[in-house]
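Below, each chain spelled out in residue letters.
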Amino acid sequence: MAPVMSLPQATWSTAYNRFGFGARRLGAPLAGDPREAIEAELSEPAAGQIRNAELPSTPQALVTLYEYSASQADERARADALRSAGVAMPTPTTAALMLSPPVSESIMDSKDARPQKPAPNPVVRIYLAEAKARLDAACGAPIGFVERLVAFWSNHFCVSASKGQNVRITAGAFEREAIRPFVLGRFVDMLQAVERHPAMQHYLDNAQSVGPNSRAGQNAKRGLNENLAREILELHTLGVNGGYTQADVTEFARVLTGWTVVGREGNLGEPGAFVFNANAHEAGPRDLLGRHYDQDGRAQGEAVLADLAASPATARHISEKFARAFVADSPSPTIVGRLAEVFRKTGGDLGAMAHALVADKDAWSAPPTQLRDPWQMLVAAYRALGLDHSDANRVVHAMTLLGMPLWTPGGPNGFPDATDAWLSPEGVKTRVEIANMLGRLTKEAPRPRDLLERILPDAAESTREAVLRAESGPQAYALMILSPEFQRR
Amino acid sequence: MMLSRHPSRREFFGLSGSVFAAANLPRWASASGARDPRLVVIVLRGALDGLSAVGPLGDPDYADLHRELALQRDGAHSALPLDSFFGLNPAMKAFGQLYANKQALVVHATATNYRERSHFDGQDVLESGMPTPGRTESGWLNRAILALPVAERARGGALAVGYVPPLVLRGQAPVLGWAPAELGPPTDDFVGRLASLYDHGDKELARALRAGFEADRMINRGGMNALKAGGDVVDQMKKAATGAARLMNADDGPRIAALAFDGWDTHVAEGGATGRLAQLLGGLDEAIAAFETGLGPAWKQTVIVAITEFGRTVRVNGDSGCDHGTASVAFLAGGAVAGGRVIADWPGLKAINLYEKRDLKPTTDLRAVLKGVLADHLGLGTSKLGDAVFPGSANVTPMTGLVAA
């Protein structure tokens, strides 16, 4: 029998830092009950959505890429020549890297380029526009819990832009189309949207996975690719100890054959869109994880995904990760248990999970021991210092320098959520260098005392002293965002 | 293009971008033969120890009170003699040469009217020109531009060096922005402050920080760390000055510029003729030299003013540094300066002569110096100087004779 839970005092510091992206220097200060303020953010009608007609849908982005690739053979050869001729930057420092555009763009702008300005690379342009939309959303939120949820789920179901241009140009759209609509919705809906999304299909090679006995398999002598099937089981749903076997992986890969992306010729439908290609599908009933699936076509994969979403192993795996992302590197089994119970009881209602976290006593009482990851730290710094975020390029660079290149994790397990991963000497040094620069970019010279009061009202005396004794405003701002209270959440 | 906007990509490429920006401003009418003055204001943030920059060697209490930080007449690092009483920090060789050529002077025992010891408030008063801190909308240099006759103003662009313009040049008058391509790494002082903050409250971060910067030193600095660490700062100052001078030397370039150099808050291991302060002064010296070189013939019509928010204690503290004080020095250099002298109503260093028994007492209002430069170099009238430019300073008489006739 559970004891009656008395909720600890909810502080604004916890609301801002554990749940959100930190307090903002600009804008009206929030007041009242911090829990209610977070709840209010969750109940915004369009919570988590980005409405920006200028951002292309995935098919639009891929069609742009198809056209660009076809027309740019010459241009690329020229750019390669420029690159090998040494047009790239000299050995750059952190600050210089952050302040300069990516090489791909600098070549376009270089004075050494031919007089006729080549069309800007749409991959870079769209990637940066998507980055800007994400940055604007995170900087603009009063607290930012929903945007933290977006980042969490986007990293859980990550794609990586390093896979190729077809992933880089759709990574932002993937987040907008497959993650954001469901951060407060149902896990199963997010799962379905993610796995069929062209960015994921490309990233984990399912777009070219072909049933060996399908018509396409017979003709082209191509075969099965298990990549997506394995990662769905291991990373997206059950977890590595979730009780599946190699036979399950292979069988699931057969189920997923035919899930692919329409090519530029548009033979199967709208170019750049997801499609189920029956010609590539390994037809027939399948047995995996102790169940029998006799559906035809696409419905078979959807049925497997629905069962995976409802598995108790998935509830445990997701709840543990969720608690780790927000509360502690090693969250107590009790909070994980409470979240898993909510997940199970609500059929994977992610909104209910979010509410449960806000209502959980541990979430408000656990000490702030985790280091902000680079995205969290940069957004928090931009909010705290009121920095101009119209140029997302700078933040994108900083993320790369800090070891968290946007939408570009090293593998399908995403970026680490544990503090140790970010607490490296090089990582901390880079934080110092970037903070040092951000301090100097701070405009209107806010008074350090006022800023500290606003951003870190609970700062320890040592932090207060260091900030107030700084020799200049920029130094004070940099010390503030490097302070343990700011770096930890 | 104003720097109050986000700096464009072009600006990050360096000078060419900013010259392009300058070309969009009204051209200076450079009628041949007409006076075409250049004014550079350098803000030394952190509170410069005037007593180790320009030592009162003839004061009987100086050596005892300022101890290991005091400059000396003799020895391996002897001060550069300025007159029978004052000696210049030997790190400032170029300034010493300009002084000998009567193109540089020092104002000693000077301070604004600010008498507390907060850097931020002190810099606020220094740069805003307001009688009290916290009214930071604009700086005195910007308001000085607005106070120029319209025809003169149309000739002028002003240049703020740095990604955020120094307060002294912020305001309604349009300002060009330019920053060296890189801001430079954090200084050793900054890392030291952070390390001591982490030591208090976060051992993990402290360990990572030390390891990070230690590795950096071993890789990049190979055993010369103290020297090279200072070298980074020196390099930054020189780069900023070189770029600013190049822009100001263009026919249609800006005539007024403001720069800010950080790092003067020497609470620990300040050093005197050698060490940290000397490295910083060496950087300032190189910056001044870079202006002389870069401005070419325009140097003749140039005044550079280097100022700080307040000075440091006369006595050395327990860490071989000095704490926040009151009066300090101001440096003036340039072909248009009536130089070769130290201007000081020396208050003395005996206990009864110190401000609050600890600081060099201010005997010259720094605003009088600045107003003197604005009056004689840019031709601003006394009433505007006492009202629009330095509000509430009508009783502070502009110092005359700073600029060569």
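Everything numeric in this text was worked out from a predicted model, so none of it was measured.

The next thing to look at is the nonpolar core. Counting 144 residues, the largest nonpolar core has Phe145, Trp153, Phe252, Leu357, Trp375 and Leu438 of chain A as the members making the most contacts within it. Considering each element in turn, this core owes the most residues, 8 residues, to helix α21 (residues 374-385) of chain A.

Next up on the list: the sheet that holds strand β2 (residues 54-56) of chain B. All names here are of chain B. Here we have 3 strands laid out as an open sheet, ordered β2-β4-β3, and antiparallel in their pairing. The open sheet has two free edges, formed respectively by β2 and β3 (80-81), since each of these has just one partner strand. Alignment of β2 against strand β4 (residues 86-88), held across 3 bridges, turns out to be antiparallel. Pairing of Pro56 across the sheet is with Phe86, part of β4.

Residues and elements named next belong to chain A. Burial analysis of helix α22 (residues 392-401) places 8 of its 10 residues in the buried class, which makes it a mostly covered element. Every buried residue of α22 is accounted for by Ala392, Asn393, Arg394, Val395, Val396, His397, Ala398 and Met399. If you check the start of α22, you find a side-chain oxygen 3.1 Å away from the backbone N of Asn393, and it comes from Asp391.

Quick look at the confidence of the model for chain B now. All names here are of chain B. Residue-level pLDDT values for chain B average 86, and 84% of them are 70 or greater. This stretch, residues 1-33, has a pLDDT under 50; its non-local contacts, to residues over four places away or in other chains, come to 75 contacts. Across residues 219-230 the pLDDT falls below 50, and counting only partners more than four positions away or on other chains, this stretch makes 11 contacts in the model. Confidence metrics for the complex model read pTM 0.80 and ipTM 0.84.

Another point: unusual backbone geometry. All names here are of chain B. Of note, the phi angle at Ala47 is positive, near 80 degrees, even though the residue is not glycine. Looking at where Ala47 falls in the secondary structure, it is placed in the loop between β1 (38-44) and α3 (50-53). Despite not being glycine, Ser320 shows a phi value in the positive range, around 55 degrees. Of note, Ser320 is situated in the loop between β9 (302-308) and β10 (328-333).

Let us now look at the confidence of the model for chain A. Residue and element names in this part refer to chain A. Summary statistics for chain A give a mean pLDDT of 89 and a share of 90% for residues scoring 70 or more. Between residues 87-92, whose pLDDT stays under 50, and residues either more than four places distant or in other chains, the model counts 8 contacts. Confidence over residues 99-117 falls short of pLDDT 50; this stretch has 41 contacts with residues more than four positions distant or in other chains.

All names here are of chain A. At their nearest, the axes of helix α25 (residues 448-455) and helix α27 (residues 473-482) sit 10 Å apart, and the two run at 20 degrees to each other. The orientation of α25 with respect to α27, classified from their angle, is roughly parallel. In terms of crossing hand, the pair formed by α25 and α27 is right-handed. Residues Pro448, Leu451, Leu452 and Ile455 of α25 form the contact with α27, whose participating residues are Ala476, Tyr477 and Met480. Tallied by class, residues from the contact of α25 with α27 come to 7 nonpolar, no polar and no charged.

Conventions we followed
Residues numbered from 1 in each chain as written. Chains lettered and ligands numbered in written order. Predicted model: local features only at pLDDT ≥ 70, side-chain atom pairs only at ≥ 80, totals over all residues. Heavy atoms only, no water. Core = buried A, V, L, I, M, F, W, Y, C linked by side-chain atoms within 4.5 Å. Buried < 20%, exposed > 50% of the residue type's maximum accessible area, 1.4 Å probe, protein only. Helix = DSSP H or I, 4+ residues; strand = E, 2+ residues; numbered from the N terminus. Pairing = 2+ DSSP bridges. Polar contact = N/O pair within 3.5 Å; in protein donor to acceptor, adjacent residues only side chain to side chain. pLDDT = per-residue confidence, 0-100. Contact = heavy atoms within 4.5 Å. Axes fitted to C-alpha atoms, helices over the stretch in contact; angles between N-to-C directions. Parallel < 35°, antiparallel > 145°, perpendicular 65-115°, else oblique. Left-handed = near helix turned anticlockwise from the far one by under 90°. Nonpolar A, V, L, I, M, F, W, Y, C, P; charged D, E, K, R; others polar.

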